[in-house]
Amino acid sequence: MYFGQIILMSATINCREFAEYFATPIWGKMSPAYVYEVEGAPFTIEEFYLDDLQKLYPYRIEPPHPDDLLISPKMYDLAISLIQSFNEMEVEEGGTPLSERGSVLVFLPGIHEIRCMQESLAKLANQRLQVYPLHSSVTLEEQNGVFLSPVPWYRKVILSTNIAESSVTVPDVKYVIDFCLARHLVCDKDTNYQSLRLTWASKTNCNQRKGRAGRVSKGFCYRLVTRAFWTNEIPEYMIPEMQLAPLSTILLKVKLLDMGDPRSLLSTALSPPNLSDIVRTVLELIEMGALSAKSDGKNQSEDGELTFLGRVLAHLPVDLNLGKMIVLGHVFGCLDECLIIGQFDGPDISCSTLAFSRGTPSDSMAVVNAFRVILSQDKFYEMGSSCRFAFSACLLDRQRIYSVLQVAELYEDLKKRVSQFNMHVLEDSPSPDNTSINRQKFILQIVIAGAFYPNYFFQQEIDERQACKELNGFNPRTTVMVSMNLPPYSFLYYKQLQSLFRLCGQVKTVSFDCSRAYVEFHRTSNDSGVLPEVTLALQMAHKSFKMELQTYPSEQIEFCTGRRSLKSRCFSPKVKQKCVFLGVISLQVIDVGHFWGFPADEASLGKQRRLTAEINKCTLSPVTVSLYPNLLCLAPYSETNEESLYYRAKILHMRGNTVEVFFLDFGNTAVVSSSSLRELPSDLLAQPFQAHEFQVAGMWPSAQSIILGNKWSSRARDCFVTMVKHQSVIVSLYSILYGVMRVELLLSRESKSTSVVDILVEEGHAVKVEENVDSQVQSGLTAVRINYPDQLSDLKWIRSSASGSVNLVGPSSSYQTNFYSLSRKTHYRTVSIEKNSINSVILNENPHFKHQRMMVAGIVAINTSGTHILLKDTSILPDIPGLPGLVMMLFTPAMELRFRSYYTGALCGLGFNSLTKEPILPENDIELAFDVKFDVMDIIEVTTLVLDLQVDPSLRMDIAERGSGQARGVLFQLHSPILLNR
């Protein structure tokens, strides 16, 4: 009889434990498996500890504490001193020429520590070092750089995670510096959320690191712990990953092998996981839809039957939630986008992912847009300016473009894998129109929500009146504020503040009020949402960007002005009396309910004609200054083949030899040649500009319009343009908000006036809403607008004699909002969002809307202490009333409805045990109060839609009766609705 042999090879294996596990019975006794030890390093390796390195560092170094796992600045300095000392050591040895310096391998626990060390090494002067970071995120091309010989007279320094323990071997390493730390993926016992935790590496791992040296010459290993700490505190072996990491993938593999229930099989493992971890994993797989409850109703928390979804997930080389998203993408018709998302590791694939979001607050959708743009360079000029800039910068970054090309290969591989399950991407689909694109975008957002159930978080409400007061009435979509520590005569620091925010965008104004400064940015597009410049500015504070002002002595400022009063001009917006424009002609529609127009009464039109005649009878001179956005000038315009006349204009954008201009007296735009622009004489600025910006008050897009468009659908826009553009309309002023007239818009039809809002509501494009507090109150908020006083010309000399500096707090916005969880396991934990996310800074643009707004997180991690939840790969669903409740009911495995005269809410989760009447997985249950009214017909439609989410056509989807356990082979399992009168 032939017996096969299995050879296990490892440098960090616990030989005795494995030998005893694989023991065989011989003559009534268990004989351990044979162990063969092979010595590795051909050259000797000397070991040094912190005790031996005191002479290298002039300051006392405190020995590490077992619970203190951070690398202190002194430890970084010690490692750098070590690297600098290697030159002297090699000179003393005398055997190695300085032109062939030995390479240094530094083991650090993570990317953050690698960057800190790299920055410290970059500050060294006259040190010939070639520094290479080495971790899982570097490209293959960069990884190959560590194997190249360094430039003569230079020393190669490799800063690596534990990837260099075994995965990568660099033969010319002579010195190893080991901080004896590592990061391991562990599961929190309370929430089952994962986190990368810093731990002490084991002795076997550290010895493996030591073995990286001594391959071509004598090696040296420096462990930055004391000998006593190494002996007493560093563990011999690491805790097996099966006892720390999530078991979901392992359980699916076990079910696919069909070798019995997971509990029985995994209990025979070398290091079996805890029973409670197995039970929880089974329940979470049932919640996901990868397993269904046992048909016999027994042991439903310890085992389940593999569903079609579970079978697919077991075969895909991606995270289980991403695999579920791919399956749902097939069901909902957005498989291609889901395959792209499934191959990216995190959202930061470009220098400006925000530019690729295209107004949709979703990291995943930004990834899809960036991937397609980078691989379709022929569409370069179809992008917006910010997107073109991000694309160009991405092309200059070889690492990022190479990463995208690698993902393209993985995408093709994943596409082949899913085709085995009869899921195919449509190759030659027709070019979609704008409505289809927006509908597909909405469907993808719903698919993302379904894939990552129950990682749902909800936007906190803010006090609108307080927020308005703190921002002093400025527009939160265009303005940020900095506060505290502003020095006396703060308005003199206008230029400094302007330069601090220059990286974010073009600053329109800087205004001051007491201890605060308000920085307002120019709006460079027709989008009425939060400016990207505002988001970037707020992210500066989120990423701890240091904001510092160079200050000048108050006494010298007062002395320089001759003790004259030094003040800036103030303004107090006055409440406008309600008035009616009998006629307004609109030439430029920005969006539905948002347009530019000019008065069409005889007096106003007469002024227009006289001004035009005065401009065109003058001798006009070409513009002498360099062109820039917002420059006032004269620009030509003509209708059809008529002679061009000049009108007052403002430059919006520059495009090569042409510019886009905005006509200040009419409100329309045009693209003209740069050479055709003329100087605007100062005397022509005396007359006020005739064009006004209008927004219709009391209106908001309907759910249908939001789904089919980017806020407004194409049909809604066409309807509004038909009613308003080039038409004389009646406007009744409601308020003036942020310089925009909020009006009631009326059309004169058949001798009576008809409200435009009523027409849009009747056709299903809009709904009526209340105006926000700013518009309603219109209180006389006072803010100090910056205007240089005459005395400033005397203060230029002060700039060269700054006496100190102050740190500013901010930038910030009183409209910033946070998110919270309704899940029981995270309800009392603080929620924060990853800094690189598009949604790291969120503004509540419409705090007067009290309905719920939901965020979905692709990854939920928890900090070491268990007090903070960190969200990654986030997506915020469209601002549609009732959408959170609808999504929750669609994707929950069981729901218990709350009922009074109508359905008021639902308890969503796995339901309860039919025997014990206890909740099955209470920590994942979510109690949601509906923000709209759902009636019986709505619930029936939701249930019908859930039934239509059938993945495997050969299986019939049933609604499980309470406790019957009859639903099998389905993607989702629903309890029948339970009505509770409360």
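Residues numbered from 1 in each chain as written. Predicted model: local features only at pLDDT ≥ 70, side-chain atom pairs only at ≥ 80, totals over all residues. Heavy atoms only, no water.

- As annotated in an unreviewed UniProt entry, the protein chain carries the name RNA helicase and comes from Poecilia mexicana.
- In its Catalytic activity (unreviewed entry) section, UniProt records this for the protein chain: "ATP + H2O = ADP + phosphate + H(+)". (UniProt positions renumbered as here; feature names shortened; annotations may be inferred.)

1. Digging into the overall build of the protein chain
- Looking only at helices and strands, the protein chain has 29 helices and 42 strands in total.
- Across the 982 residues that make up the protein chain, the buried fraction comes to 50%.
- In the protein chain, the proportion of contacts linking residues at least 24 apart, taken out of those at least 6 apart, comes to 71%.
- Within the structure as shown, the protein chain displays about 48,900 Å² of accessible surface, and the carbon and sulfur contribution to it stands at 51%. (Helix = DSSP H or I, 4+ residues; strand = E, 2+ residues; numbered from the N terminus. Buried < 20%, exposed > 50% of the residue type's maximum accessible area, 1.4 Å probe, protein only. Contact = heavy atoms within 4.5 Å. Areas by Shrake-Rupley, 256 points an atom, 1.4 Å probe, with all protein chains shown as cover.)

2. A closer look at the packing of helix H12 (residues 320-332) against helix H18 (residues 434-451)
- Across the interface, H12 lies against H18 with an axial gap of 8 Å and an inter-helix angle of 140 degrees. Between H12 and H18, the interaxial angle falls into the category oblique. Crossing of H12 against H18: the hand is right-handed. Where H12 abuts H18, its residues Asn-321, Lys-324, Met-325, Leu-328, Gly-329 and Phe-332 lie against Ile-443, Val-447, Ile-448, Gly-450 and Ala-451. (Axes fitted to C-alpha atoms, helices over the stretch in contact; angles between N-to-C directions. Parallel < 35°, antiparallel > 145°, perpendicular 65-115°, else oblique. Left-handed = near helix turned anticlockwise from the far one by under 90°.)

3. Observations concerning the nonpolar core
- If you look at the biggest cluster of nonpolar residues, it comprises 84 residues, and the most contacted ones within it are Met-325, Ile-326, Tyr-456 and Val-887.
- In contact with Tyr-456, other than residues within four places in its own chain, are Ala-449, Gly-450, Ser-821, Met-854, Met-855, Val-856, Val-887, Met-888 and Phe-891.
- Counting residues in hydrophobic clusters, the runner-up holds 40 residues, among them Leu-50, Val-106, Ile-177 and Phe-229. (Core = buried A, V, L, I, M, F, W, Y, C linked by side-chain atoms within 4.5 Å.)

4. Considering the pairing of strand S21 (residues 645-655)
- Note that strand S20 (residues 632-637) and S21 share 6 bridges and pair antiparallel. Pairing of Cys-633 across the sheet is with Ala-649, part of S21.
- Of the pairings in the sheet, the one linking S21 to strand S22 (residues 658-663) comprises 6 bridges and is antiparallel in character. Bridge assignment links His-653 to a residue of S22, and that residue is Glu-660.
- In this antiparallel pair of consecutive strands, S21 and S22, the connection spans 2 residues, and Gly-656 shows a positive phi of 65 degrees. (Pairing = 2+ DSSP bridges.)

5. Some thoughts on the sheet that holds strand S23 (residues 669-673)
- Ordered in space as S20-S21-S22-S23, the 4 strands form an open sheet in which the pairing is antiparallel. The strands lining the two open edges of the sheet, one partner per strand, are S20 and S23. Taking the axes of each pair of neighbouring strands and ignoring which way they run, one obtains an average angle of 55 degrees across the sheet.
- Bridge analysis of S22 against S23 gives 5 bridges, and the strand direction is antiparallel. Residue Val-659 lies in a different strand from S23, and its bridge partner there is Val-672.
- The sheet contacts of helix H23 (residues 602-617) involve S20 and S21, and relative to S21 the element is tilted by about 80 degrees.

6. Here we look at unusual backbone geometry
- Of note, the amide linkage connecting Tyr-453 to Pro-454 takes the cis form, showing an omega dihedral of 5 degrees.
- Topologically, Pro-454 is positioned in the loop between H18 and strand S13 (456-459).
- With omega at 0 degrees, the peptide bond leading from Gly-810 into Pro-811 counts as cis.
- Relative to the helices and strands, Pro-811 is located in strand S34 (residues 809-812).
- The backbone of Asn-422 sits at a positive phi, close to 65 degrees, despite the residue not being glycine.
- Mapped onto the secondary structure, Asn-422 falls in the loop between helix H17 (398-419) and H18.

7. Brief notes about the pairing of strand S10 (residues 219-223)
- Burial analysis of S10 places 5 of its 5 residues in the buried class, which makes it a mostly covered element.
- A two-sided burial pattern is seen for S10, the buried positions comprising Gly-219, Cys-221 and Arg-223 on one face and Phe-220 and Tyr-222 on the other.
- Judged from the 4 bridges that link them, strand S7 (residues 173-178) and S10 form a sheet pairing that is parallel. Across the sheet, residue Val-176 finds its bridge partner in S10, namely Cys-221.

8. What to know about the packing of helix H8 (residues 248-257) against helix H11 (residues 308-315)
- Relative orientation of the contacting elements H8 and H11 amounts to 110 degrees, with a least axis distance of 9 Å. With respect to H11, the axis of H8 lies roughly perpendicular. On H11, the residues that touch Leu-252, Lys-253 and Leu-256 of H8 are Gly-310, Arg-311, Leu-313, Ala-314 and His-315.
- In the contact of H8 with H11, the residues fall into 4 nonpolar, 2 polar and 2 charged. (Nonpolar A, V, L, I, M, F, W, Y, C, P; charged D, E, K, R; others polar.)

9. Focus on the side chain of Thr-281
- Inspection of the secondary structure puts Thr-281 in helix H10 (residues 275-288).
- The contacts of Thr-281, once residues within four sequence positions are left out, are Leu-247, Ser-248 and Leu-251.

10. What to know about H12
- In a regular helix each residue adds 1.5 Å, so 13 residues correspond to 18 Å; H12 covers 18 Å between its end C-alpha atoms and thus fits that length.
- Inspection of H12 places Leu-320, Asn-321, Leu-322, Gly-323, Lys-324, Met-325, Ile-326, Val-327, Leu-328 and Gly-329 among the buried residues, and these make up the whole buried set.
- Note on H12: the residue one or two positions beyond its end, Gly-333, has a positive phi of about 85 degrees. (Expected span 1.5 Å × (residues − 1).)

11. Brief notes about the side chain of Ser-713
- Relative to the helices and strands, Ser-713 is located in strand S27 (residues 712-713).
- Ser-713 sits in the buried class, given a relative accessible area of 6%.
- A distance of 3.2 Å separates a polar atom in the side chain of Ser-713 from the backbone nitrogen of Ala-716.
- The residues touching Ser-713, leaving out its near neighbours within four places in the chain, are Ser-705, Leu-708 and His-765. (Polar contact = N/O pair within 3.5 Å; in protein donor to acceptor, adjacent residues only side chain to side chain.)

12. Here we look at the confidence of the model for the protein chain
- On average, residues of the protein chain score 77 in pLDDT, and 80% of them reach the 70 mark or higher.
- Overall, residues 346-352 carries pLDDT values under 50, and its contacts beyond four positions in sequence, including any with other chains, amount to 24 contacts.
- In this model residues 779-800 is a low-confidence stretch, pLDDT under 50, and it forms 57 contacts with partners more than four residues away in sequence or in other chains. (pLDDT = per-residue confidence, 0-100.)

13. Regarding the packing of aromatic side chains
- Applying the stated rule across the entire model yields 26 aromatic pairs.
- With 5.0 Å between their ring centres and 90 degrees between their planes, Tyr-21 and Phe-22 make a pair best called edge-to-face.
- Residue Tyr-21 is classed as partly exposed on the basis of its relative accessible area of 39%.
- Given the relative accessible area of 42%, Phe-22 is considered partly exposed.
- With 5.7 Å between their ring centres and 35 degrees between their planes, Phe-86 and Tyr-222 make a pair best called tilted. Pair noted here: Phe-86 is in helix H2 (residues 73-93) and Tyr-222 is in strand S10, with a separation of 136 residues, a long-range link. The residues Phe-86 and Tyr-222 share a single accessibility class, namely buried.
- Clustering of aromatic rings is evident, with ring pairs tying together Phe-48, Phe-86, Tyr-175, Phe-220 and Tyr-222.
- Across the ring face of Trp-230, the terminal group of Lys-203 is positioned such that the distance to the ring centre comes to 5.6 Å. (Phe/Tyr/Trp six-rings, centres within 6.5 Å; stacked < 30°, edge-to-face > 60°. Lys NZ or Arg CZ within 6 Å of the ring centre and 35° of its normal.)

14. Some remarks on the pattern of salt bridges
- Applying the stated criterion across every chain, the model contains 18 salt bridges.
- Put simply, Asp-413 and Arg-417 hold a salt bridge, and the shortest N to O gap is 3.1 Å. Placement of the pair is Asp-413 and Arg-417 together in helix H17, with a separation of 4 residues, close to one helical turn.
- A salt bridge links Glu-896 to Arg-898; the nearest nitrogen and oxygen atoms lie 2.8 Å apart. (Salt bridge = Lys/Arg side-chain N within 4 Å of Asp/Glu carboxyl O.)

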